[in-house]
Amino acid sequence: MDVNGTVAEGFEPVREAFVRNFEVLGERGAAVAVYRDGHRVVDLWAGTKDVDGTKDVDGTADSAPWERGTAQIVRSATKGVAAAALLLLHQRGLLDLDAPVGEYWPEFKAVGKERVLVRHVLSHRAGLPVLDRPLTPEEALDPLRGAEAVARQALVWEPGTDHGYHALTYGWLLGELVWRVTGRGVGDWIAEEIAGPVGADLWVGLPAAEAGRVGRSGRVEAPGNAGGLRSRPKRSVTEAYDDPASLTRRAFAAITPFPDQNDPAYRAASLPATNGIATAEGLARFYASLVGEVGGGPRLFTPGTLAAARAEESAGPDRVLVINTRFGLGYMLHGSASPFLDAGSFGHPGRGGSLGFADPESGIAFGYVTNGFSKTVTADPRAQGLVRALRAALPA
């Protein structure tokens, strides 16, 4: 395997795990980056830019290789980037986490949602993981239709009393709050207030000028039993995904059918729950900038905001994912559903593979992106192998 990039002394196990992903776990094209105390210590990439084969259509020419700067869609890893927008608005005194959502968005108060707080949105406690009438792909790309649908939707549970992963509705809730507070779309706000200042290659709404950097993604099947939510998912999990009436199936079907993630129109839209696009280096740099300065850029979170982001808000059985999950404000926390580096780590996986997180105690920030989506939801074997190798490389 021809692996490009560099690792600092002591981080060689991460490179070995990265190679193993290609040799054993069916990786097609991917990159991983790690910062420690604001300095990049791992920056690796390999494979092909596009997931669909090693040859062009006529079978004669090699497909484009993954290059430094190749980006991919990161699915729900987008949520961790988008959460920073609300937390930064709170940090600047523009948004009260304990205020009702309807205080900023009056139409949202319909059908009994007056008690949904901004805090509930970030911690998946709002009680709005589904839409009774799913949006079509065309409707989902309209910046107004998703927010209108959520505003009309009735609660599934009393807000604040339980938690369940808001797989798609999270993005419309968060995006509309950013719009109501700032008058700017969430993708523009992220570009201007987060990605630009810290120098991170990530977008929620891909600019046309960057389209050539993004590879085609698609489903891959890992050899053996490496491709499930766990190697052998619980029967309850399998049944929940198979049952059209379950909250699990309905939450992930809030857009039906789901759009083609390689469609330029989908990539250009602003869906802050699902369609962020990033390089591994950009994702790692973003998380490094949440907890410290990187290359002279700003530290995004104050100590108080950082503490709020990773303070446990939700824990235990997740009514949508049907496993035990832990959430802070906008971020998954280290646990059995999505293991990060250590107890204080916070971040977000993307369904099928991608992962970004920070661990303030060790000074580590991590980003992994891939063009091959497996069946995983929160703990992909390829990402987890890299995390275990990183943990082994750090001093005890």
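In this text, all values refer to a predicted model and were calculated from it rather than measured experimentally. (Residues numbered from 1 in each chain as written. Predicted model: local features only at pLDDT ≥ 70, side-chain atom pairs only at ≥ 80, totals over all residues. Heavy atoms only, no water.)

Turning to the nonpolar core, a few remarks are in order. Membership of the largest hydrophobic core comes to 129 residues, with the highest contact counts inside it found for L290, F301, Y331 and F366. Looking at which element gives the most residues to this core, the answer is helix α2 (residues 78-91), with 9 residues. Setting aside chain neighbours within four positions, we find Y331 in contact with G80, A83, A84, L87, F286, Y287, L290, F301, A309, R326, F346 and G347. (Core = buried A, V, L, I, M, F, W, Y, C linked by side-chain atoms within 4.5 Å. Buried < 20%, exposed > 50% of the residue type's maximum accessible area, 1.4 Å probe, protein only. Helix = DSSP H or I, 4+ residues; strand = E, 2+ residues; numbered from the N terminus. Contact = heavy atoms within 4.5 Å.)

Attention shifts here to the packing of α2 against helix α12 (residues 280-291). The interhelical angle for the contact between α2 and α12, taken along N-to-C directions, is 35 degrees, at an axis separation of 11 Å. Crossing angle aside, the handedness with which α2 passes α12 is left-handed. Facing G80, V81 and A84 of α2, the residues of α12 in contact are L283, F286, Y287 and L290. Across the contact of α2 with α12, the residue classes tally to 6 nonpolar, 1 polar and no charged. (Axes fitted to C-alpha atoms, helices over the stretch in contact; angles between N-to-C directions. Left-handed = near helix turned anticlockwise from the far one by under 90°. Nonpolar A, V, L, I, M, F, W, Y, C, P; charged D, E, K, R; others polar.)

Before going further, it helps to spend a moment on the pairing of strand β13 (residues 364-370). Most of β13 sits out of view: 7 of its 7 residues are buried. Here β13 shows two buried faces, one formed by I364, F366, Y368 and T370 and the other by A365, G367 and V369. With 7 bridges joining them, strand β2 (residues 29-36) and β13 adopt antiparallel strand pairing. Along β13, the bridge assignment pairs A33 with G367. Where strand β12 (residues 355-359) and β13 come together, 5 bridges link them in antiparallel fashion. (Pairing = 2+ DSSP bridges.)

What follows deals with the pattern of salt bridges. Scanning the entire structure with this criterion turns up 24 salt bridges. Taking the shortest distance from any N to any O, the salt bridge between D162 and R319 comes out at 3.9 Å. In this pair, D162 sits in the loop between α6 (145-152) and α7 (169-182) while R319 sits in the loop between β8 (314-317) and β9 (324-327), placing the two residues 157 residues apart along the sequence. On the basis of relative accessible area, D162 is assigned to the partly exposed category, the value being 25%. (Salt bridge = Lys/Arg side-chain N within 4 Å of Asp/Glu carboxyl O.)

Structurally, the position occupied by L155 is in the loop between α6 and α7. Overall, L155 belongs to the partly exposed group, its relative accessible area being 23%. Along the backbone, L155 and V24 are 131 residues apart, and their C-alpha atoms lie at a distance of 44 Å. In this structure L155 touches G112, K113, V116, A126, G127 and L128, once residues within four positions along its chain are discounted.

Remark: the empty space left among the atoms is shown by a probe the size of a water molecule rolled over them. Put simply, the largest pocket is a space of about 660 Å³. For the largest pocket, the lining is made up of 33 residues, of which R75, R219, F252, R351 and T376 are closest to its centre. For the lining of the largest pocket, the secondary-structure elements that each account for two or more residues are β6 (218-219), α9 (235-242) and β11 (346-349). The class makeup of the residues in the lining of the largest pocket is 14 nonpolar, 13 polar and 6 charged. (1 Å grid on protein atoms, 1.4 Å probe; cavity = no way out; pocket = protein on both sides within 12 Å on 5 of 7 lines; lining within 4 Å. Points joined across faces, edges and corners; volume = space filled by probe spheres on them.)

What follows deals with the sheet that holds strand β4 (residues 72-73). Sheet architecture is open: 3 strands sit in the order β4-β7-β5, paired in antiparallel fashion. Two strands in the sheet have a free side with no partner beyond their single neighbour: β4 and β5 (202-203). As judged from the 2 bridges shared by β5 and strand β7 (residues 277-278), these two strands associate in the antiparallel manner. Opposite W203, over in β7, you have I277 as the bridge partner.

This part covers the environment of F286. Relative to the helices and strands, F286 is located in helix α12. Overall, the relative accessible area of 0% leaves F286 in the buried class. For the pair formed by F286 and W66, sequence separation is 220 residues and the distance between their alpha carbons is 21 Å. Setting aside chain neighbours within four positions, we find F286 in contact with G80, V81, A84, I194, A200, L202 and Y331.

Turning to the side chain of S314, a few remarks are in order. By secondary structure assignment, the location of S314 is in strand β8. Here the side chain of S314 touches R125 through a polar contact of 3.2 Å, side chain to side chain. With near-sequence residues (within four places) excluded, S314 lies in contact with S123, R125, H163, T325, R326 and F327. (Polar contact = N/O pair within 3.5 Å; in protein donor to acceptor, adjacent residues only side chain to side chain.)

The next thing to look at is unusual backbone geometry. Following T256, the chain continues into P257 via a peptide bond in cis, with omega recorded as -10 degrees. By the secondary structure assignment, P257 is in the loop between α10 (247-252) and α11 (264-268). The residue D37 is not glycine, and still its phi comes out positive at about 55 degrees. Of note, D37 is situated in the loop between β2 and β3 (39-47). Overall, the relative accessible area of 55% leaves D37 in the exposed class. One non-glycine residue, H124, lies in positive phi territory at about 60 degrees. Tracing the backbone through its elements, the reader meets H124 in the loop between α4 (118-122) and α5 (137-141). On the basis of relative accessible area, H124 is assigned to the buried category, the value being 1%.

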